[in-house]
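# Residue-level structural notes
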Amino acid sequence: AKGQGRNTWQWYAGGADEAVSERVRLRRDIQEAIERDQFELHYQPIVEAASGRLRSVEALVRWRHPERGMISPGVFIPLAEQTGQIIALGRWVLRRACRDMAALNAERASALPVAVNISPLQFRRQGFLVEVEQALADSGLPAAQLELEVTEGVLMSGAESAIALLSELRARGIRMAIDDFGTGFSSLSYLRDLPITKVKLDRAFIQDITTKSDNAAIVQGVITMAHHLGLSIVAEGVETPAQRRDLMRRGCDLLQGFLFARPMPLAELRALPACLPVA
Ligand code: C2E
Ligand code: CA
Ligand code: CA
Ligand code: CA
């Protein structure tokens, strides 16, 4: 939801009627894109704050549209959620990420876990657990090398069945992360009751961490609490050396952001050194 305003496709600009027909067109295009294999997965490194050492990657979907070029997921994911197409797209993403990483890890001395974003609709759907098991079995990726990222909202609505599913996934060795932490209405203390392994601090808090003391205080609170509960914590959207230093000082051990690397195709990921430069 956040950031969509800026991302809105320019061809929505014509007015309400045109916006509606564009949505119809976009919906049809998503269907075709799934059938014609126009989606791609890019991977963004997550590194150790102090050393820049590569620790895991996040899979991020891209749409290479034949006429419109690369389209951001900020545009088509929300629509695919509304139309239900996220089910088919999400399944494709999960299977591709597992397959890519099984291939990549076969070449590496130490395996890199991959994080996959799971939309609320996908997570709540009957049969999701089986879908995950199948993606692992078909790709040969060990469960411990898969991490699923869900947002707070998923856990708030229908909390009991969501927590039961989290436990099932954890019991299979799959890691679970709370994405965009801090943007919902959850309290820090609810983390204690969830079977999760990681918290991802939303970029909104990182952006002005060096200038806004209230954001810095929230960040410090989340880091301290996460460590206390034995969870790892990733700061998203780290763009400057000052942000990196600040987060390190506060004890945040894992960082993700353009300072280190942008999301990249698998071939580029394959060629990365073990440690990324920490400016
Ligand atoms: P997200 O899960 O919070 O992913 C992080 C987003 O922040 C990515 O945007 C990434 O490119 C961007 N980012 C990373 N580092 C920086 C930085 O230093 N500065 C800035 N300004 N941005 C940074 P992206 O790839 O455009 O994805 C946007 C959102 O679309 C994702 O946010 C996620 O919610 C959704 N999304 C992407 N791929 C998938 C997917 O396969 N399935 C689902 N359900 N959602 C996806
Ligand atoms: Ca994510
Ligand atoms: Ca996020
Ligand atoms: Ca986000």
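Every chain begins its residue count from 1, and numbering advances along the sequence as written. Labels follow written order: the first chain is A, the first ligand is 1, and so on. Confidence filtering applies because this is a predicted model: local features only for residues at pLDDT of at least 70, side-chain atom pairs given and counted only at 80 or more, and all residues used for totals across whole chains, interfaces and linings. With hydrogens and water stripped out, all remaining heavy atoms of the structure feed into the side-chain values.

Going by what an unreviewed UniProt entry lists, the protein is known as EAL domain-containing protein and is assigned to Modicisalibacter tunisiensis.

Turning our attention to the site of ligand 1. Here a residue is considered near a molecule or strand provided that any single heavy atom belonging to it is located within 4 Å of it. The environment of ligand 1 is made up of 21 residues, and the closest members are Q44, R62, N117, E239 and F258. For this analysis, a polar contact is any N or O atom pair within 3.5 Å, provided that within protein one partner can donate a hydrogen and the other can accept it, and provided that sequence-adjacent residues contribute only side-chain to side-chain pairs. R62 places a side-chain nitrogen or oxygen 2.8 Å from an oxygen atom of ligand 1. Take N117: an N or O atom from its side chain is 3.1 Å from an oxygen atom of ligand 1. In the complex, the protein chains occlude 81% of the 810 Å² of accessible area that ligand 1 would expose alone. When residues of the shell around ligand 1 are traced back to their parent elements, those giving at least two are strand 2 (54-65), helix 3 (73-83) and strand 6 (175-181). Numbering of helices and strands runs from the N terminus; a helix is a DSSP stretch of H or I covering at least four residues, while a strand is a stretch of E covering at least two. Sorting elements by how many residues they give to the shell around ligand 1 places strand 2 first, with 4 residues. We get accessible surface area from the Shrake-Rupley algorithm with a probe of 1.4 Å; when it comes to residues, only the shown protein chains can shield them.

What follows concerns the pairing of strand 7 (residues 198-201). For each residue, the accessible area found with a 1.4 Å probe, counting protein chains only, is set against the maximum for its type, and the residue is called buried under 20%, exposed over 50%, and partly exposed in between. Residues K198 and K200 line one face of strand 7 and the alternating positions V199 and L201 line the opposite face, and both faces are buried. As paired elements, strand 6 and strand 7 share 3 bridges and run parallel to each other. Among the inter-strand pairings, I178 is bridged to a residue of strand 7, identified as V199. In short, DSSP must find at least two bridges between two strands for them to pair. As judged from the 4 bridges shared by strand 7 and strand 8 (residues 232-235), these two strands associate in the parallel manner. When the bridges of strand 8 are listed, K198 appears paired with S232.

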